[in-house]
Amino acid sequence: MATAGRNTMLSASLTVNNSAAESQNPEEDDGQNLWSSILSEVSTRSRSKLPSGKNVLVMGEVGSGKTTLVAKLQGVEEYMKGRGLEYLYFNVNDEDIDDHARCNAWVLDGDLYHKGLQKFAVSVDNLADSLALFVVDLSRPWLALDSLQKWASVVRDYLDKLRVPPETMRELEHQLVKQFQEYVEPGSDLESVPQRRNPETEEESIVLPLGDNTLTHNLGIPLVVVCTKCDAISTLEKEHDYRDEHLDFIQSHIRRFCLQYGAALLYTSMKENKNLDLLYKYLVHRLYGFPFNFPAQVVEKDSVFIPSGWDNEKKIAILHENFQTVKADDNFEDVIVKPPVRKFVHEKEIQAEDDQVFLVKLQTLLAKQPPVTAGRPVDTSNRAPTGSPRTTNRSAAANVANVMPMQSGTKKIDPNMKGGQTSEGVLANFFNSLLTKKAGSPSPGGQPTGGGSNTPGTVRKSGSKLGLTDVQAELDRISNKSDLDSSATTPPAENDES
């Protein structure tokens, strides 16, 4: 009996336990679902972390600003410029998943001697994670097209030597074509919808065929052309007489190159920090799949941005409408010519000697020179008013007596000749003696005497025109007296006594 009761109790307890376990199964199922959802979310986040090992290969001419450009992207103001192949990086942050990564930036030297160093930056393993960035110096636009073609051939030769499997290369080329065809210009509809980085989910979209001269040179890796020093455009306009049509001509040829290689084009300025943030966001978009909602910019001539997939031949032809002196088919080298180099002549530096030494030399030099009198010598014997006016008049009467037999006005009077040599000299002495008379003394006839008369040379110095009239009147009077009377001394003597 005891055994039977014990078995009954065990069976009852098992039944109760089973019923309790069955009643707890829904809660356990909910807990398991919760944990599975958490684990799946963690695994999804782990798969969506930012990938590492992305590379940007920067190439360009010497002095084009390659290292400065990457340093600006990194946020570093002070940096050391190297040789050969420089390694830099810039940080990439994803705020949605709170993750960050470093994007490698390899700067290749502008000298083609170092082109073999590409093997340390790009290999077969990381080719799918690489991007090529060509830097063009806009302060030297005559080198732009040759530089782009040169570095494109360098990359092409390196990829050919890299011996990438044909299947891998075809896949990379197909991805570039697909990205170019599926480009949609950001608009209001797309900007209103929040976008997240999710490269695995791709929606079906309408694929348009490629246009003419589009992706005819497919490198298999994304390509971005950055024109630095766009602030030098104003200098080109002032110093080299560049006009808007020349700038449009340069832009059209660069855009044709970008269209052939499926590249993006961006004008930047490190001095003015122009479009640097836009370049960073576009690089992160192409390498990490971040959303990018910035449209193309072609209005401002120094702030051009053309993403890959936006441009075509018809849009480039719009620039040709502004051409006046150039044609769209003209050779780039024939229109954009390198200006002549101005040879700078180094003048010999002149050292200034001490002031005291200079003054001593000047004093010695002045001491050796003979003294020089200012002006011409003046005969003061005839011009100085010595004695009384009557004494002067007597001498004047004597001089007139010697002059009267000569015809007045027959010869030109030279007042510079001294008296006693010729009749002209005697007449000159007579007029000099008239200067000693008091100016303005009237004659008995009411007419001024010859004492106020001046020679023409004296009239220039004093600025008076009245003296010249008196002299002329005196000459006329003397001439008339000489014709009527044979004695020349009597009329002037009477005039003097009056």
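Residues numbered from 1 in each chain as written. Predicted model: local features only at pLDDT ≥ 70, side-chain atom pairs only at ≥ 80, totals over all residues. Heavy atoms only, no water.

Draft legend 1. A look at the overall build of the protein chain. Helix and strand content of the protein chain: 17 helices and seven strands. The burial tally for the protein chain puts 38% of its 498 residues in the buried class. By sequence separation, contacts in the protein chain at least 24 residues apart represent 73% of the contacts at least 6 residues apart. Summing over all exposed atoms, the protein chain offers an accessible surface of approximately 31500 Å²; the carbon and sulfur share of this is 53%. (Helix = DSSP H or I, 4+ residues; strand = E, 2+ residues; numbered from the N terminus. Buried < 20%, exposed > 50% of the residue type's maximum accessible area, 1.4 Å probe, protein only. Contact = heavy atoms within 4.5 Å. Areas by Shrake-Rupley, 256 points an atom, 1.4 Å probe, with all protein chains shown as cover.)

Draft legend 2. Expanded view of the sheet that holds strand β5 (residues 223–228). Taken in spatial order, the seven strands of this open sheet run β2-β3-β1-β4-β5-β6-β7, and their pairing is mixed. On the outer flanks of this sheet lie β2 (85–94) and β7 (305–306), each paired with one strand and no other. Alignment of strand β1 (residues 55–60) against strand β4 (residues 130–137), held across six bridges, turns out to be parallel. Within the sheet, the bridge partner assigned to G60 lies in β4 and is V135. (Pairing = 2+ DSSP bridges.)

Draft legend 3. Spatial organisation of the pattern of salt bridges. On inspection of all chains with the given rule, the structure shows 15 salt bridges. Across the salt bridge formed by E61 and K150, the nearest N and O atoms sit 2.7 Å from each other. One end of the pair, E61, is in the loop between β1 and α2 (66–74); the other, K150, is in helix α3 (residues 144–162), and 89 residues separate them in sequence. Here E61 falls in the buried class, since its relative accessible area comes to 19%. Looking at K150, the relative accessible area reads 24%, which means it is partly exposed. Where K301 meets E237, a salt bridge forms, and the shortest distance between an N and an O atom there is 2.6 Å. With K301 in the loop between α8 (276–288) and β7 and E237 in helix α6 (residues 233–239), this pair connects stretches of sequence that are 64 residues apart. A single network of salt bridges, built from pairs that share partners, joins D137, R140 and K229. (Salt bridge = Lys/Arg side-chain N within 4 Å of Asp/Glu carboxyl O.)

Draft legend 4. Representation of helix α11 (residues 355–368) within the structure. With 14 residues, α11 extends 20 Å between its outermost C-alpha atoms, agreeing within 8% with the 20 Å of an ideal straight helix rising 1.5 Å per residue. Near the N-terminus of α11, the side chain that reaches the backbone nitrogen of Q356, with its oxygen 3.1 Å away, is that of D354. (Expected span 1.5 Å × (residues − 1). Polar contact = N/O pair within 3.5 Å; in protein donor to acceptor, adjacent residues only side chain to side chain.)

Draft legend 5. Quick peek at the pairing of β4. The buried fraction of β4 is high, at eight of eight residues. Of the two faces of β4, the one holding S130, A132, F134 and V136 and the one holding L131, L133, V135 and D137 are both buried throughout. Pairing of β4 with β5 involves six bridges; the strand directions are parallel. Bridging from a neighbouring strand, D137 pairs with T228 of β5.

Draft legend 6. Just unusual backbone geometry, in detail. One non-glycine residue, D241, lies in the positive phi region at around 60°. The topology assignment puts D241 in the loop between α6 and α7 (244–261). In this model, N273 sits at a positive phi of 55°, which is unusual for a non-glycine residue. The residue N273 is located in the loop between β6 (264–267) and α8 in this model. N273 sits in the partly exposed class, given a relative accessible area of 49%.

Draft legend 7. Quick peek at the packing of aromatic side chains. Applying the stated criterion to the full structure yields ten aromatic pairs. Aromatic pair Y282 and F305: ring centres 5.7 Å apart, planes at 75°, arrangement edge-to-face. Here Y282, found in helix α8, pairs with F305, found in strand β7; they are 23 residues apart in sequence, far enough to count as distant. With respect to class, Y282 is no different from F305; both count as buried. Ring geometry for F292 versus F294: centroids 5.2 Å apart, planes at 50°, classification tilted. Its relative accessible area of 11% is what places F292 among the buried residues. A connected cluster of aromatic rings, assembled from ring pairs, spans Y282, F292, F294 and F305. (Phe/Tyr/Trp six-rings, centres within 6.5 Å; stacked < 30°, edge-to-face > 60°.)

Draft legend 8. Main features of the environment of L88. Inspection of the secondary structure puts L88 in strand β2. Taking C-alpha positions, L88 is 9.9 Å from L73, a pair spaced 15 residues apart along the chain. If near-sequence neighbours (up to four positions away) are discounted, L88 is found in contact with T67, V70, Q74, C103, N104, A105 and V107.

Draft legend 9. Molecular detail of the nonpolar core. Ranked by size, the top nonpolar core spans 56 residues in total, and within it F134, V225, I254, F257 and L265 carry the most contacts. The element contributing the most residues to this core is α3, with ten residues. Once residues lying within four places of it in the same chain are set aside, the contact partners of I254 are A144, L148, V225, C227, L265 and Y267. In terms of nonpolar packing, the next biggest core, distinct from the first, is built from 32 residues, V56, V58, L131 and A264 among them. (Core = buried A, V, L, I, M, F, W, Y, C linked by side-chain atoms within 4.5 Å.)

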